[in-house]
Amino acid sequence: MRGVSLAETIPPSAPVSVGIYCRISSDDRRDELGVKRQEHNCRALADTKGWSVADIYVDNDRSASKETTKRPEFDRLVADVAAHRI
């Protein structure tokens, strides 16, 4: 059985304000191409769904595999969700 994405559970007529979180573990060239591509793809999905993008959260060149790694933009995203900003 196929999983259902969160995007598929939101009624098309519901006004939605979303945040886009982009992260790449390793960006040796520091060109941010990976996170820019992620943002582009997420913005395209938001446009297709009629969602308003409230903010972009980017943790470029940050691993998520270690608990000690700080991801400030992820933390900001979680805070915005908790405060119902997105």
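Reference entry: report on the structure contained in this document. (Residues numbered from 1 in each chain as written. Predicted model: local features only at pLDDT ≥ 70, side-chain atom pairs only at ≥ 80, totals over all residues. Heavy atoms only, no water.)

## With respect to the packing of aromatic side chains
This model, assessed by the stated rule, comprises one aromatic pair. Ring centres of Y21 and F74 lie 5.4 Å apart, and the angle between their planes is 65 degrees; on these two criteria the pair is classed as edge-to-face. Of the two residues, Y21 is situated in strand 1 (residues 17–24) and F74 in helix 3 (residues 72–82); the sequence distance between them amounts to 53 residues. Here the guanidinium or amino end of R71 rests over the ring plane of F74, the centre of that ring lying 4.5 Å away. (Phe/Tyr/Trp six-rings, centres within 6.5 Å; stacked < 30°, edge-to-face > 60°. Helix = DSSP H or I, 4+ residues; strand = E, 2+ residues; numbered from the N terminus. Lys NZ or Arg CZ within 6 Å of the ring centre and 35° of its normal.)

## Some points on the side chain of D80
The residue D80 is located in helix 3 in this model. A residue is classified by how much of its surface remains accessible, and D80, at 9% relative accessible area, is buried. Beyond its immediate stretch of four places on either side in the chain, D80 contacts D55, Y57, R85 and I86. (Buried < 20%, exposed > 50% of the residue type's maximum accessible area, 1.4 Å probe, protein only. Contact = heavy atoms within 4.5 Å.)

## Concerning the environment of H84
Position of H84 among the secondary structure elements: in the segment after helix 3. Taking the C-alpha atoms as reference points, H84 and S17, separated by 67 residues in sequence, lie 9.6 Å from one another.

## Quick notes on the pairing of strand 1
Taken together, the eight bridges between strand 1 and strand 2 (residues 52–60) define a ladder with parallel strand orientation. Its bridge partner being in strand 2, S17 is matched across the sheet by S52. Between strand 1 and its parallel partner strand 2, the chain crosses via helix 2 (residues 33–49), and the hand of that crossover is right-handed. (Pairing = 2+ DSSP bridges. Right-handed = clockwise from strand over helix to strand, strands pointing away.)

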